[in-house]
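# Working through the structure, step by step
Listed below, chain by chain, are the residues.
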Amino acid sequence: RIGIMKPKESEEKSFSEYAEKIHMKHELAYNNYKMTPYDGIIDLFRVNFRLYYLDDPEYLGWRPYTTKGIVIHEIDGDHKTFLIPPHDGGLAIALKDTLNQRISSPKKIG
């Protein structure tokens, strides 16, 4: 109160100091990482409402990156809302169920 202690920064302000560094690291990774096909099944959690046009609306561009197929899981919401209530619960259940299925018996889907 008398200026001896530094006031706490808000989480948002604290995070914003790192935002540029995070952005630069993301760009570096994006420009240098080359994806190769995964020798397994890809579980694609796809929102049921799209906000933008896609060249591949079924597999969202993931088809070339698997040798054993893709299993599509429809998730409520859109790209901006699927991680927040009320849609987050549906995603959590789908993830849990999928992980349990993969542990017990992986299946191949064309």
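You'll find the structure just up there.
Remember, predicted model here, so these are calculated numbers, not experimental data. (Residues numbered from 1 in each chain as written. Predicted model: local features only at pLDDT ≥ 70, side-chain atom pairs only at ≥ 80, totals over all residues. Heavy atoms only, no water.)

## Concerning the overall build of the protein
Regarding its fold elements, the protein presents 2 helices and 2 strands. Ordered by position from the N terminus, the helices and strands of the protein form the series α-β-β-α. Taken across its 110 residues, the protein has 19% of its residues classed as buried. Total accessible area computed for the protein in this model is approximately 9,300 Å², and 60% of it derives from carbon and sulfur atoms. (Helix = DSSP H or I, 4+ residues; strand = E, 2+ residues; numbered from the N terminus. Buried < 20%, exposed > 50% of the residue type's maximum accessible area, 1.4 Å probe, protein only. Areas by Shrake-Rupley, 256 points an atom, 1.4 Å probe, with all protein chains shown as cover.)

## Observations concerning the packing of aromatic side chains
The final tally for this structure, using the stated rule, is 1 aromatic pair. Consider the rings of Trp62 and Tyr65, whose centres lie 6.3 Å apart with planes at 75°: the pair is edge-to-face. Looking at Trp62, the relative accessible area reads 35%, which means it is partly exposed. According to the relative accessible area criterion, Tyr65 is partly exposed, its value standing at 27%. The side chain of Arg63 reaches across the aromatic face of Tyr59, ending 5.0 Å from its centre. (Phe/Tyr/Trp six-rings, centres within 6.5 Å; stacked < 30°, edge-to-face > 60°. Lys NZ or Arg CZ within 6 Å of the ring centre and 35° of its normal.)

## Observations concerning the side chain of Asp78
Within the secondary structure, Asp78 sits in the loop between strand S2 (70-75) and helix H2 (88-104). No salt bridge forms around the buried Asp78; measuring N to O, its nearest opposite-charge neighbour Lys80 is 7.1 Å away. Polar side-chain contacts of Asp78 include one of 2.7 Å to the backbone nitrogen of Lys80. (Lys, Arg positive; Asp, Glu negative; His and termini not counted. Salt bridge = Lys/Arg side-chain N within 4 Å of Asp/Glu carboxyl O. Polar contact = N/O pair within 3.5 Å; in protein donor to acceptor, adjacent residues only side chain to side chain.)

## Quick look at the side chain of Arg46
Take Arg46: it is sitting in strand S1 (residues 42-47). In this structure Arg46 comes out as buried when scored by relative accessible area, which is 11%.

## Examining the pairing of S1
With 5 of 6 residues buried, S1 lies mostly within the body of the structure. Pairing between S1 and S2: 6 bridges, direction parallel. Its bridge partner lying in S2, Val47 is registered against Ile75. (Pairing = 2+ DSSP bridges.)

## A look at the nonpolar core
Judged by nonpolar contacts, Val47, Ile75, Phe82, Leu91 and Ala94 together constitute the single largest core of 5 residues. The residues contacting Phe82, other than those within four sequence positions of it, are Val47, Ile75, Asp76, His87, Asp88 and Leu91. (Core = buried A, V, L, I, M, F, W, Y, C linked by side-chain atoms within 4.5 Å. Contact = heavy atoms within 4.5 Å.)

## Considerations on unusual backbone geometry
Cis geometry is adopted by the peptide bond preceding Pro86, which originates at Pro85 and carries an omega value of 5°. Note that Pro86 resides in the loop between S2 and H2. Unlike most non-glycine residues, Leu60 shows phi in positive territory, near 55°. Here Leu60 shows up in the loop between S1 and S2. Residue class for Leu60 comes out partly exposed when judged on its relative accessible area of 29%.

By themselves, these observations are geometric and do not establish any function.
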